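Listed here are the chains, written in short residue letters.
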Amino acid sequence: MPNPRIKNEEQYEALRDKGYSKEKSARIVNTPDSGKKGGKAKPYEQWTKEELYDQAKNVGISGRSKMKKKELITALRNN
């Protein structure tokens with residue numbers, strides 16, 4: 001039975017098959033640009049700490065206010 005909160009069930013299932021958690025799969029699928037080719041974002045190392053903080057806030061990383069830039073990068077990559 002399709003989940004009405006999942007915007008793209010096929011993409012969601014593909015991510016789950018790759019081993020992503022339910023939460024991470026849903027978050028990826030439900031982002032406004034999901035499924036679109038990207039690759040235009042600069043690497044996290046080139047982001048400012050403020051940009052990293054804002055991104056961490058968007059994805060719901062807790063403890064971000066006390067993190068240093070390298071810690072924010074690690075948290076974003078492992079979330």
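In case you missed it, the structure is sitting above this.
Numbering of residues begins from 1 in every chain and follows the order in which that chain's sequence is written. Owing to the predicted nature of the model, reporting of local features is limited to residues with pLDDT of at least 70; listing and counting of side-chain atom pairs is limited to 80 or more, with chain, interface and lining totals taken over all residues. The basis for the side-chain values is all heavy atoms of the structure; hydrogens and waters are excluded.

Caption draft 1: Layout of the packing of helix 1 (residues 9-17) against helix 2 (residues 22-29). Geometry is summarised by axes, namely lines fitted to C-alpha atoms with helices restricted to the contacting stretch, and by angles between N-to-C directions that run from 0 to 180 degrees. Strands are runs of DSSP state E lasting at least two residues, helices are runs of H or I lasting at least four, and both sets are numbered from the N terminus onward. Direction vectors running N to C along helix 1 and helix 2 enclose 140°, while the axes themselves pass 9 Å from each other. The crossing of helix 1 and helix 2 is right-handed. Note on element contacts: helix 2 touches helix 1 through Lys 22, Ser 25, Ala 26, Ile 28 and Val 29, opposite Gln 11, Tyr 12, Leu 15 and Arg 16. Each residue receives one of three labels: charged for Asp, Glu, Lys and Arg, nonpolar for Ala, Val, Leu, Ile, Met, Phe, Trp, Tyr, Cys and Pro, and polar for the others, Gly being one of them. Its residues assigned to classes, the contact of helix 1 with helix 2 comprises five nonpolar, two polar and two charged. By definition, any crossing whose near helix is turned counterclockwise from its far helix by less than a right angle is left-handed, and any crossing with a clockwise turn is right-handed. In what follows, residue pairs with any heavy atoms lying within 4.5 Å of each other are defined as contacts.

Caption draft 2: Focus on the pattern of salt bridges. We define a salt bridge as a side-chain nitrogen of Lys or Arg found within 4 Å of a carboxyl oxygen belonging to Asp or Glu. Applying the stated rule across the entire model yields three salt bridges. Across the pair Arg 27 and Glu 23 runs a salt bridge whose closest N-O atoms are separated by 3.4 Å. Here Glu 23 and Arg 27 lie together in helix 2, a separation of four residues that amounts to about one turn. For Glu 45, the salt bridge goes to Arg 77, with nearest N and O atoms at 2.9 Å.

On their own, these measurements won't tell you what the molecule is for.
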